[in-house]
Amino acid sequence: MKLSNVSGLLMVVLSIVTGGVTGGVAGGVAGGVAGAQQKPWQNKSLTAEKRAELVLGQMTLDEKITFVHGEGMAHRGNLPPEMQAAQLLGNGGVGLAVGPVRLGIPVIDMSDAAYGIRSSAENGRYSTALPSNVGSAASWDPAAACAYGALIGKELRAQGFGMTLAGGTNLTREPRNGRTFEYMGEDPLLAGTLVGNRIKCEGEQHLISDIKHYAMNDQESGRTSVDAHIGERALRESDLLAFQIGVKVGDPKAVMCSYNGLNGDYACENKYLLTDVLEKEWGFKGFVVSDWGGTHSTEKASAAGLDMEQPGDGFYGKKLKDAVQAGRVPMAELDEHVRRILRSEFASGLVDDPPHKSLVDPQTGFDVARRIEEQSIVLLKNRKELLPLEAAKLKSVAVIGGRADYGTISGGGSAQVDAPGDPSPGKWGHKVWFPNSPLEAMKAKAPEATFTFSAGDDIAAAVAAAKSAEVAVVFAWQWESEGMDLPNLSLPEGQDKLIAAVVAANPRTVVVLETGTAVTMPWLEQTGALVEAWYAGSKGGDAIANVLFGDVNPSGKLPMTFPRSETDLPRTTVAQPPKGVPPGKLSFVVDYTEGAKVGYKWYEAEKKAVLFPFGYGLSYTQFQYSGLKVSADGTEVRFTLTNSGQRKGAEVAEVYAMLPDAAGEPWKRLVGWQKVSLAAGESREVRVATEGLAMSVWDEAAKKFVKPAGVYKVMVGGSSAESPLEGTFQR
Ligand code: BGC
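Residues numbered from 1 in each chain as written. Predicted model: local features only at pLDDT ≥ 70, side-chain atom pairs only at ≥ 80, totals over all residues. Heavy atoms only, no water.

**Focus on the overall build of the protein chain**
Put simply, the rule is: Note on conventions: DSSP H or I runs of at least 4 residues are helices, E runs of at least 2 residues are strands, and numbering of each starts at the N terminus. Values of the radius of gyration come from C-alpha atoms, whereas the globule rule sets the reference at 2.2 Å times the count of residues to the power 0.38. Two residues form a contact once any of their heavy atoms are found within 4.5 Å. Charge assignment: positive for Lys and Arg, negative for Asp and Glu; neither His nor the chain ends contribute. Where a charge sits is defined by one atom per residue type, namely NZ (Lys), CZ (Arg), CG (Asp) or CD (Glu).
Within the protein chain, the regular secondary structure consists of 21 helices and 29 strands. In summary, the protein chain has a C-alpha radius of gyration of 26 Å against a globular reference of 27 Å for 731 residues, a match within 12%. Each principal axis of the C-alpha atoms in the protein chain carries an extent, and together these give about 75 × 60 × 55 Å. Long-range pairs, those at least 24 residues apart, make up 76% of the contacts in the protein chain with a sequence separation of at least 6. A distance of 2 Å separates the average location of the 74 positive side-chain charges in the protein chain from that of its 85 negative side-chain charges.

Encoded structure:
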């Protein structure tokens with residue numbers, strides 16, 4: 001912000017304050033008949049485009065420039081003094097964009113909110129931690145994704161924020177990526193559909209929704225200097241397809257471009273990504289914001305379609321103003337950036353209904369977090385029906401490891417939600433447990449049973465406890481964070497050794513994993529039962545106990561393959577940046593030669609056996625599939641699903657297709673699914689509408705998706721590796 005604007009701004013703010021208007025700057029100036037007459041853009045019956053155009057026509061060059069860049073990290077102390085004087089204090093988020101406040105346009109106050117709101121402790125506030133994004137993807141449930149987004153949207157607004165930085169959609173191309181827990185797994189249809197539903201319902205709370213990190217930010221190592229290389233067809237059918245579906249379903253009002261390069265150009269100055277694909281082809285009407293510090297130029301970025309630099313003004317402050325005045329950046333181009341940001345403010349509802357600070361009800365957050373976690377836990381193994389534990393008959397349980405006496409672990413980085421009781425909240429790089437103890441929750445289920453707890457650091461003590469108990473339950477974790485990749489997929493800190501010793505001591509051992517990605521399991525063979533609980537959120541302990549004791553029948557399915565070993569991945573190690581090269585330049589290439597063969601497609605095409613396939617997950621009941629009918633054009637698949645077991649349960653019924661030979665793809669693709677809840681013995685006809693994009697190939701010459709001619713094979717079942725029903729259709 002330039003000082004020349006500030007006096008006007010101060011006057012507006014002062015007049016609002018002296019006028020006794022409550023509800024914030026924008027709330028004060030927005031609305032009212034008189035206001036609407038003076039400010040025609042306040043007329044709610046006009047389209048967002050028209051209202052944006054009317055405001056744009058009133059803005060000065062300085063106001064436009066101010067609007068397209070950040071103001072520092074927006075913590076109170078960092079804000080320029082003139083803004084503090086004008087009481088435009090950030091809410092303690094990570095970004096701020098100051099629009100023309102004198103015209104009644106609210107500032108855009110941004111917070112990270114991947115699985116809850118970041119930095120709440122620093123601001124003396126509270127936020128629910130939902131299960132990690134990848135965990136929620138294991139629910140395969142668009143309604144759960146919607147509940148997830150709606151809760152975060154409400155809590156953001158209660159803290160005064162008008163924009164969320166969330167919606168992680170990068171595919172799990174590299175399971176060692178330290179942000180895998182922030183994303184939605186390895187399949188573009190699953191990830192795109194779920195993130196889209198999350199975004200849609202978050203945006204419905206009247207804030208600017210966001211999808212990130214666009215695109216191919218698939219590893220953290222050297223994330224600001226890596227140039228991702230991939231062919232166009234492969235890109236369009238994998239990572240970009242996830243974003244395409246996410247944008248279509250969720251209608252985000254902002255897209256965050258990523259740190260890395262793509263095929264030679266940084267993502268935030270990549271015309272192909274930002275203009276050709278996002279804006280022209282997908283018709284995206286919102287604005288593009290750079291990842292924090294991800295802007296690398298003025299003219300090139302502006303021409304490519306970057307609308308806003310965050311968090312500072314290194315390229316979109318004075319440099320942009322000079323470039324506009326010198327004609328190197330046309331005024332029309334700057335106007336287009338501003339128009340897009342304004343349109344998002346109107347279209348999201350931020351102008352008409354700006355956020356008001358209030359207190360959230362933590363209990364509501366607990367309930368939503370627990371229910372989503374209950375739907376996201378995946379039962380991976382259940383030998384001789386060891387689970388569910390029968391509370392009435394249970395005599396003794398040895399609970400071991402994972403700080404299960406305290407709570408469940410969470411993912412770090414800018415996604416980190418502060419946990420109650422954490423002595424150093426907000427500290428980058430430290431592991432945070434949420435205080436909802438699985439041990440205590442289990443004890444409450446079986447008050448007659450004897451429980452012992454061993455921390456797990458003394459293997460001999462853990463083995464002795466496991467031997468003398470009827471059942472052992474071992475909790476194991478693997479921690480991830482932004483800014484790092486995992487060295488491998490092994491559980492850290494000797495946990496494999498601990499589990500191996502415990503399962504050898506007691507065959508009735510249940511292993512509960514709290515991880516943000518796949519792990520390898522050298523002890524699997526001997527383990528009685530295995531549960532993947534992901535990062536389980538604010539009420540993870542209760543949700544885990546509900547599943548272990550059968551109050552909840554597990555229904556989650558893996559959103560990513562669990563490989564046998566890192567040697568089965570497309571790359572045996574994660575490429576590292578060259579030493580001594582300063583950041584800010586693309587200094588190394590990762591060539592994604594596996595192309596669109598991400599996850600299960602890779603293992604299938606390469607004929608590699610896996611530990612657990614994509615889409616896999618057990619239940620305490622059984623489901624039978626019968627009576628497949630595929631419509632002549634393949635757009636609808638019908639079949640009968642029967643719960644043939646003794647308990648009520650929900651099944652994710654998955655539909656895959658193998659494209660005709662002409663596609664040249666010897667692997668299947670997920671093309672649709674439905675999560676169906678059935679009472680014991682109940683049968684239902686299930687109809688799945690298949691996704692056309694997931695059954696198309698990108699024609700590089702024609703620059704569009706086409707449906708190859710020939711015979712399509714359709715496979716229906718409970719995972720990517722089982723298809724009890726098979727049929728075909730022809731195009
Ligand atoms: C992350 C983004 C985040 C931003 C603001 C960046 O380091 O990559 O996901 O939204 O910081 O905190």
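Further notes follow.
**A word on the sheet that holds strand E23 (residues 649–658)**
We apply this condition: The criterion for strand pairing is that DSSP finds at least two bridges linking the strands in question. To obtain an axis, a line is fitted to C-alpha atoms, over the contacting stretch when the element is a helix, and the angle between two such axes runs from 0 to 180 degrees between their N-to-C directions.
Reading across from one edge, E24-E23-E28-E29 is the order of the four strands in this open sheet, with antiparallel pairing throughout. Two strands close off the open sheet at either side, each with one partner strand: strand E24 (669–678) and strand E29 (725–730). Mean inter-strand twist for the sheet, computed between neighbouring axes without regard to direction, equals 20 degrees. In this structure, strand E28 (residues 711–717) lies alongside E29, joined through six bridges in antiparallel fashion. Each residue of the ladder has a partner; that of Tyr 712, found in E29, is Phe 729.

**What to know about the state of the cysteines**
One covalent bond between the sulfur atoms of two cysteine residues makes up a disulfide. Inclusion rule: Cysteine sulfur atoms are paired as a disulfide whenever they come within 2.5 Å of each other. Only protein chains enter the accessibility calculation, which uses a 1.4 Å probe; a residue is then buried when its area is under 20% of its type maximum, exposed when over 50%, and partly exposed in between.
A full pass over the atoms with the stated rule returns two disulfides. Covalently, Cys 146 is tied to Cys 201 through a disulfide, its sulfur atoms 2.0 Å apart. Judged by the sign of its S-S torsion, about -95 degrees, the bond between Cys 146 and Cys 201 is left-handed. Remark: Cys 201 occurs in helix H9 (residues 188–203) and Cys 146 occurs in helix H8 (residues 142–158); sequence separation between them is 55 residues. Owing to a relative accessible area of 2%, Cys 201 belongs among the buried residues under this scheme. Along the protein chain, the cysteines engaged in disulfide bonds are linked according to the scheme 1-2, 3-4 when indexed in sequence order.

**What to know about empty space enclosed by the protein**
To find leftover empty space, one rolls a probe the size of a water molecule over the atoms. Put simply, the test is: Each cavity reported here is a set of points on a 1 Å grid over the protein atoms alone in which a 1.4 Å probe fits but cannot get out, each pocket an open set with protein on both sides within 12 Å along at least five of seven lines, and each lining residue one with an atom within 4 Å of a point. Grid points are joined across faces, edges and corners, and a volume is the space filled by probe spheres set on the points. Polar here means any residue outside two lists: the nonpolar Ala, Val, Leu, Ile, Met, Phe, Trp, Tyr, Cys and Pro, and the charged Asp, Glu, Lys and Arg; Gly therefore counts as polar.
Tallying each qualifying case throughout the model produces four cavities of 30 Å³ or more. In this model, the largest cavity occupies a volume close to 100 Å³. When grouped by side-chain class, the residues that make up the lining of the largest cavity number seven nonpolar, three polar and four charged. As a volume, the second largest cavity reaches approximately 50 Å³. Asp 187, Pro 188, Leu 189, Glu 237, Leu 241, Lys 601, Arg 669, Leu 670 and Ala 694 are the residues that line the second largest cavity.

**Re the pattern of salt bridges**
So the rule is basically this: Any carboxyl oxygen of Asp or Glu within 4 Å of a side-chain nitrogen of Lys or Arg constitutes a salt bridge here.
Here the structure, examined in full by the defined rule, presents 52 salt bridges. Note that Asp 335 is salt-bridged to Lys 64, the shortest N-O span being 2.8 Å. Of this pair, Asp 335 sits in helix H15 (residues 331–348) while Lys 64 sits in helix H5 (residues 61–67); the two residues are 271 residues apart in sequence, bridging distant segments of the chain. Looking at Lys 64, the relative accessible area reads 8%, which means it is buried. Residue Lys 393 pairs with Glu 390 through a salt bridge whose shortest N-O separation is 3.6 Å. Overall, Lys 393 belongs to the exposed group, its relative accessible area being 54%.

**Thoughts on the sheet that holds strand E19 (residues 588–591)**
Reading across from one edge, E8-E7-E5-E19 is the order of the four strands in this open sheet, with mixed pairing throughout. For this open sheet the edge positions go to strand E8 (265–266) and E19, each flanked by a neighbour on one side alone.

**Remarks on helix H19 (residues 495–505)**
All of the buried residues along H19 are Gln 495, Asp 496, Leu 498, Ile 499, Val 502, Val 503 and Ala 505. Looking at the buried residues of H19, the elements they touch are strand E11 (396–400), helix H18 (459–468), strand E15 (471–477) and strand E16 (509–514).

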